[in-house]
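Remarks on the overall topology
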Amino acid sequence: MADGTSRKALSANGIVKRFGEREALRGIGFEAHPGEVVAVIGPNGAGKTTLLTILAGIAEPDAGAVETSGGGVGWVPQQAALYRRLTVSENLLLFARLQGHDDPAARVEQMLELTGLGVRRDDQVGSLSGGNQQRINIAIGLMANPSVLLLDEPSVGLDPAQRARLWQFILGLVADGTAVVFSTHDIQEAERYAERIFVVADGGGVFNGTATELRDAVGSANGSDFDLETSFLAFLKKEGH
Amino acid sequence: MRWLLLKDLQILRRSPLQLALLVIYPIAIALLVGFALTRGPEQSTVALYNAMPAGSTLGFGGEELNGDEIKKQLCDRVDCIEADSTDQASDLVESGEATAAVVVPEDLGDKIASLASLNPQRPEIEVIVNGSSAVENEIVDDRIEAMLAEANQLIAQRLAEGAREYLDLILDGGEFSLLGQDISVLGLKNSEKVLTEVRQKVNDPADRAKLDQAIRFASLATDNLDLAGPILTAISEPVVANKTEVGDEAPSLDTFAIAVTAAFALMFVTVLLVAGSLALEKEENAFTRLTAGLVSRGQILAGKVGLGTIVGLAVVVILLAGLSVFVSIQWSRAPVWLLSSLLGAAAFAAVGAALGAATREVRAATLAAVMICLPFALLSLIPDDAVGPAIETVISVVTAAFPFRPALDALTGGLELSGPSVWLPMVHLLILVAVYSGFARIALRRF
């Protein structure tokens, strides 16, 4: 889990992103520490994916800056970004080569061991289950040994068992010091796996803290004994979203 | 970029249907076109009923055709079925066994012979066609018209020859057979000579004046009828075409057909493959990951154009190798047509990349590729002289914006020395590679 120091794996300040006249992100600040799991939650269209793509360096912000500790950022898109006609090892080998690893074949072996998919190495990705495809998807995001891993709704479409296996895998990375930032619509998943919750609404960062702090933010009068999802909805209502 | 190219080739190898199409398509096209080029046109079947009495002949002026020869004249041009009556000939056409029937009436020989008499009659033959096939009717019509035109010309020549013989008889005199009796004709030249001799023995001035008139008439008639012979020969074939070819020698029809086939195969394979392959990057969600610091959009574009160029070139080589079984391919010119194919493939690949980048979806890219390529290719095949100057200009401008025409010109020139110059189309193709790659690069910004 987080090392408890002020060392940051990733920080962003004053991030603004516009799509034409629409301002998708309005001066958001964000940070993640090594070994920390941060959940980014918010209503549809709040700007979660836009924020993650900017943090990953895929999209350029119109204003603001993103800084990393130097270990790089791994990006795992919501839908598996894999070539379905290639095998598991061919997909891994392609990205290892594109990332310029000195020994791509050795890196593929490490990733196969990490994902536990060595026995499926010669299977075409299209023949794998959604959960296994997502493991390969994450493995490619991890291939460059990033200090921060950004996942856009990683458990969408997975059944509970697949979701549990996926999180077991992710938490293994966290234990090794990787900062994990993930977006989700599943508030229970955020509460269960994230140490910190970052709420985005209407392009702004409206909350940054633990699940307990989110409950406290709506106060006992609003039912602090409620589950987190109810508290989250109450919080959004209170904030005028 | 090489890893992207390798990845695309691996994906291609994993798509058995696509791979099979890429290999089978050029071979199948080569077989079809090869057979079409080497086999002559199929002959139509025509029923022939010759109603002329046995032993009677057709013709005059020394050359005559009997029934077998009439049949041979017709059946050299079409497959014949002999019929025993007009009704049977008609039935054969109606049943589809014959495309048409030709009925030679019993009085055809007499009517043709009458053309050289004082009471000429118009000879006619009857042609029966089946109205159910417009195309076959047109072909049979053309062949029968050509046959009749040939026969009419022959008859006109024979008539002219017969008339010349009569003129010679009138001019020079000789023996003439009429109703079984030989008649001796003095002729105008001999008449003039005889009258001149008689005139010298006549003393009466009035008689001599009359003889002078007769001698002058004979002299004038001889001079003028001497001109009638060449005129008769001329009107039997009034215009003779002397063909003179100017400008560059045109490539053979076979070469043009091969180049059209190769250009079509190159276009469809390359545009569809590249458009689909680029759109697939989006559909498989891989584009975002690739461009997240791994490779640039330009490198992805170059990889796709490279893929299309390699596969397109391979397709042309397979196609030409297949066609070489049927027709002669100038392998000594292989460097030129390989370069033409390479540039053509690159230009079509750039078009495919632009379409794939613009559509971002495999199905939409495929549909757009077919709907855009086909009209451009067909417009490119319209000969310049087949339309008016204004439309020709429009077509030239429109087709210049697409690689089919320059690719066709480069391939035609590459396959045959006498074809169009290859260098200008090659430069044209290079410009199109740059233009369409530019379009694709712009479209990839919003991919």
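Note that the structure is predicted; figures quoted are calculated from it, not measured.

Some details on helix H1 (residues 48-55) of chain A
All names here are of chain A. Most of H1 is tucked away: seven of the eight residues are buried. Lys48, Thr50, Leu51, Leu52, Thr53, Ile54 and Leu55 are the residues of H1 that are buried. Glycine 57 sits one or two residues past H1 and shows a positive phi near 85°.

Describing the interface of chain A and chain B
Interface size, as often reported, equals the accessible area lost upon joining of the parts. Contacts between the two partners involve 19 residues from chain A, matched on the other side by 15 residues from chain B. It is helix H2 (residues 88-98) of chain A that provides the largest number of residues to the side of chain A that touches chain B, a total of four residues.

As for the nonpolar core
Note on soluble globular proteins: their nonpolar side chains tend to be buried together. Of all hydrophobic cores here, the largest spans 144 residues; its most connected members are Leu55 and Leu150 of chain A together with Leu266, Val271, Ala347, Ala350 and Ala353 of chain B. Broken down by element, this core gets its largest block of residues, 18 residues, from helix H9 (residues 253-283) of chain B. Lining this core are residues from two domains, each supplying at least three of them: domain 1 (1-72 + 146-241) and domain 2 (83-145) of chain A. Filtering out sequence-adjacent residues up to four positions away, alanine 353 of chain B remains in contact with Val274, Leu278, Leu301, Lys304, Val305, Tyr436, Ser437 and Ala440 of chain B.

As for unusual backbone geometry
With glycine set apart, most residues show a phi of negative sign, and most peptide bonds adopt trans. Residues other than glycine seldom take positive phi values, yet asparagine 145 of chain A does so here, at roughly 55°. Residue arginine 360 of chain B is not a glycine yet carries a positive backbone phi of 60°. Tracing the backbone through its elements, the reader meets arginine 360 of chain B in the loop between helix H12 (334-359) and helix H13 (362-380).

A look at the domain arrangement of chain A
All names here are of chain A. Here chain A is described as being made up of domain 1 (1-72 + 146-241) and domain 2 (83-145). For domain 1 and domain 2, the distance between their C-alpha centroids amounts to 26 Å. Contacts between the two partners involve 13 residues from domain 1, matched on the other side by ten residues from domain 2. Contributions of two or more residues to the side of domain 1 that touches domain 2 are made by strand S6 (148-152) and helix H5 (160-175). If one sorts the elements of the side of domain 1 that touches domain 2 by residue count, H5 sits on top with five residues. Of the residues that constitute the side of domain 1 that touches domain 2, the class distribution is eight nonpolar, four polar and one charged.

Thoughts on the packing of H9 of chain B against H12 of chain B
Residue and element names in this part refer to chain B. Between H9 and H12, whose axes approach to 7 Å, the crossing angle comes to 35°. The two elements H9 and H12 meet at a crossing, and its hand is right-handed. Partitioning the contact of H9 with H12 into residue classes produces 17 nonpolar, eight polar and no charged.

A short note on the sheet that holds strand S4 (residues 79-82) of chain B
Residues and elements named next belong to chain B. Strand order in this open sheet of four strands is S4-S1-S5-S6, and the pairing throughout is mixed. Both edges of this open sheet fall to S4 and strand S6 (126-129), since each of them pairs with a single strand only. Looking at each pair of strands side by side, their axes are set apart by 25° on average, direction ignored. With four bridges connecting them, strand S5 (residues 100-104) and S6 associate as antiparallel partners. Within the sheet, the bridge partner assigned to alanine 100 lies in S6 and is valine 129.

Rules used in this analysis
Residues numbered from 1 in each chain as written. Chains lettered and ligands numbered in written order. Predicted model: local features only at pLDDT ≥ 70, side-chain atom pairs only at ≥ 80, totals over all residues. Buried ≥ 20, exposed ≤ 12 C-beta atoms within 10 Å, placed from the backbone. Helix = DSSP H or I, 4+ residues; strand = E, 2+ residues; numbered from the N terminus. Contact = placed C-beta atoms within 7 Å. Core = buried A, V, L, I, M, F, W, Y, C linked by C-beta atoms within 7 Å. Domains from an automatic or database assignment. Nonpolar A, V, L, I, M, F, W, Y, C, P; charged D, E, K, R; others polar. Axes fitted to C-alpha atoms, helices over the stretch in contact; angles between N-to-C directions. Left-handed = near helix turned anticlockwise from the far one by under 90°. Pairing = 2+ DSSP bridges.

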